[in-house]
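For reference, the chains in residue letters:
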Amino acid sequence: MNIILLGPPGAGKGTQAHRLVAERGMVQLSTGDMLRAARTSGTEMGKQVAAVMDAGNLVTDEIVIGLIAEQLDTGAKGGFIFDGFPRTLAQADALGELLISKGQTLDHVVEMKVDDDALVARIVGRSTCGNCGAVYHDVTKKPAKDGVCDVCEGTEFKRRADDNEESLKVRLMAYYRDTSPLIGYYYAKNLLKRIDGLGEIEEVAGRVSGALEA
Ligand code: AP5
């Protein structure tokens, strides 16, 4: 089963994708994570996208489609979770063509709906484990032991350069302008499932599972 998690910044796409990886053996393809990895390893592409990402703007379609195309070649027994991709109609068209070329299908697109005020609170409180990438929040998802990652016991936590109110406004604008048309695009293809992304993480996970089984 191949699925897209669609939603604004902070909707909980990464959080729910991590759960699906652990529970169903799916493979998460997050273009945001891939771009951040390119920056950390200092590739030419990573340097090229750094300022664009920090300001909250979208990276070019060409770059992100190339990243996804490389990953699709690796295959995934449990299926792929597309997290943060596609984000434009051009990317959605390209994904459709790539899947057809690999003899694969897209099974569900889950739109996670969260209001803007909640998104701000989620984004400004987010941190991730510097070792394994597990996602935490200062209020809603603290590690069980203060300063120690629940998953790998790492003790270094990071905050993203674009997780501030100013960049978030630009990211939200990009979402409403470029990404929200995908809701109608996938509705027309009978693939769209809409869920409420507000509530406890476990509660939202139950809604995601329900959408995938519907
Ligand atoms: P990307 O990394 O994809 O960021 P994003 O879409 O803005 O999404 P986030 O990762 O911020 O949020 P999320 O929905 O995963 O939320 P999370 O689960 O972490 O993209 C970053 C940048 O890369 C873009 O701005 C762009 O420049 C570039 N880029 C990436 N892909 C691109 C593409 N396809 N095309 C062009 N450019 C691209 O949760 C957030 C917080 O909330 C966490 O602290 C979490 O613990 C907490 N939380 C989660 N669920 C709940 C809940 N139910 N209740 C309370 N708190 C919760």
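See the structure shown above.
These figures come from a predicted structure and were not determined experimentally.

1. Describing helix H5 (residues 89-101)
Every α-helix winds through 3.6 residues per turn, so residues three or four apart in the chain are directed the same way.
So, step 1. With 13 residues, H5 extends 18 Å between its outermost C-alpha atoms, agreeing within 8% with the 18 Å of an ideal straight helix rising 1.5 Å per residue.
So, step 2. Where H5 is buried, its residues meet strand S1 (3-6), helix H4 (61-72), strand S3 (80-83) and helix H8 (181-188).

2. A few points about unusual backbone geometry
So, step 1. Note that the residue after phenylalanine 85, namely proline 86, is joined by a cis bond; omega there is -5°.
So, step 2. Tracing the backbone shows proline 86 in the loop between S3 and H5.
So, step 3. The backbone of glutamate 153 shows a phi angle near 65°, a positive value even though the residue is not glycine.
So, step 4. With respect to the helices and strands, the residue glutamate 153 is situated in the loop between strand S6 (135-137) and strand S7 (157-158).

3. Here's the deal with H4
So, step 1. A rise of 1.5 Å per residue sets the reference length of H4, with its 12 residues, at 16 Å; its end C-alpha atoms lie 16 Å apart and thus fit the reference within 8%.
So, step 2. Residues of H4 that are buried include every one of Ile63, Val64, Leu67, Ile68 and Leu72, and no others.
So, step 3. Buried residues along H4 sit in contact with strand S2 (27-30), helix H2 (31-40), helix H3 (44-55), S3 and H5.

4. Observations concerning the packing of aromatic side chains
So, step 1. Across all of its chains, the model carries 4 aromatic pairs by this definition.
So, step 2. Taking 6.0 Å as the distance between ring centres and 40° as the angle between the ring planes, the aromatic pair formed by phenylalanine 80 and phenylalanine 82 counts as tilted. Neither phenylalanine 80 nor phenylalanine 82 differs from the other in exposure class; each is buried.
So, step 3. Ring geometry for tyrosine 175 and tyrosine 176: centres 5.4 Å apart, planes at 75°, overall edge-to-face.

5. Description of the side chain of arginine 171
So, step 1. Its location among the elements puts arginine 171 in helix H7 (residues 165-179).
So, step 2. Residue arginine 171 is classed as buried on the basis of its relative accessible area, which comes to 10%.
So, step 3. Look past the residues within four positions of arginine 171 in its chain and what remains in contact with it is Pro9, Gly56, Ile123, Arg126, Arg160, Asp162 and Asp163.

6. A short note on the pairing of strand S4 (residues 108-113)
So, step 1. Counting buried residues along S4, 5 of its 6 residues qualify, which places the element largely inside the surrounding structure.
So, step 2. With 4 bridges connecting them, S1 and S4 associate as parallel partners. Along S4, the bridge assignment pairs leucine 5 with valine 110.
So, step 3. Across 5 bridges, S4 lies against strand S8 (residues 192-196) in parallel orientation. Within S8, the position partnered with methionine 112 by the bridge is isoleucine 195.

7. Topic: the site of the ligand
So, step 1. The immediate surroundings of the ligand are formed by 36 residues, with Thr15, Asn57, Arg87, Arg126 and Arg171 found nearest.
So, step 2. Here a nitrogen atom of the ligand sits 3.0 Å away from a polar atom, N or O, in the side chain of glutamine 91.
So, step 3. Here threonine 140 contributes a side-chain N or O atom positioned 3.1 Å from a nitrogen atom of the ligand.
So, step 4. In isolation the ligand exposes 1000 Å². Once the protein is present, 96% of that is buried.

The rules behind these values
- Residues numbered from 1 in each chain as written.
- Predicted model: local features only at pLDDT ≥ 70, side-chain atom pairs only at ≥ 80, totals over all residues.
- Heavy atoms only, no water.
- Helix = DSSP H or I, 4+ residues; strand = E, 2+ residues; numbered from the N terminus.
- Expected span 1.5 Å × (residues − 1).
- Contact = heavy atoms within 4.5 Å.
- Buried < 20%, exposed > 50% of the residue type's maximum accessible area, 1.4 Å probe, protein only.
- Phe/Tyr/Trp six-rings, centres within 6.5 Å; stacked < 30°, edge-to-face > 60°.
- Pairing = 2+ DSSP bridges.
- Near = heavy atom within 4 Å.
- Polar contact = N/O pair within 3.5 Å; in protein donor to acceptor, adjacent residues only side chain to side chain.
- Areas by Shrake-Rupley, 256 points an atom, 1.4 Å probe, with all protein chains shown as cover.

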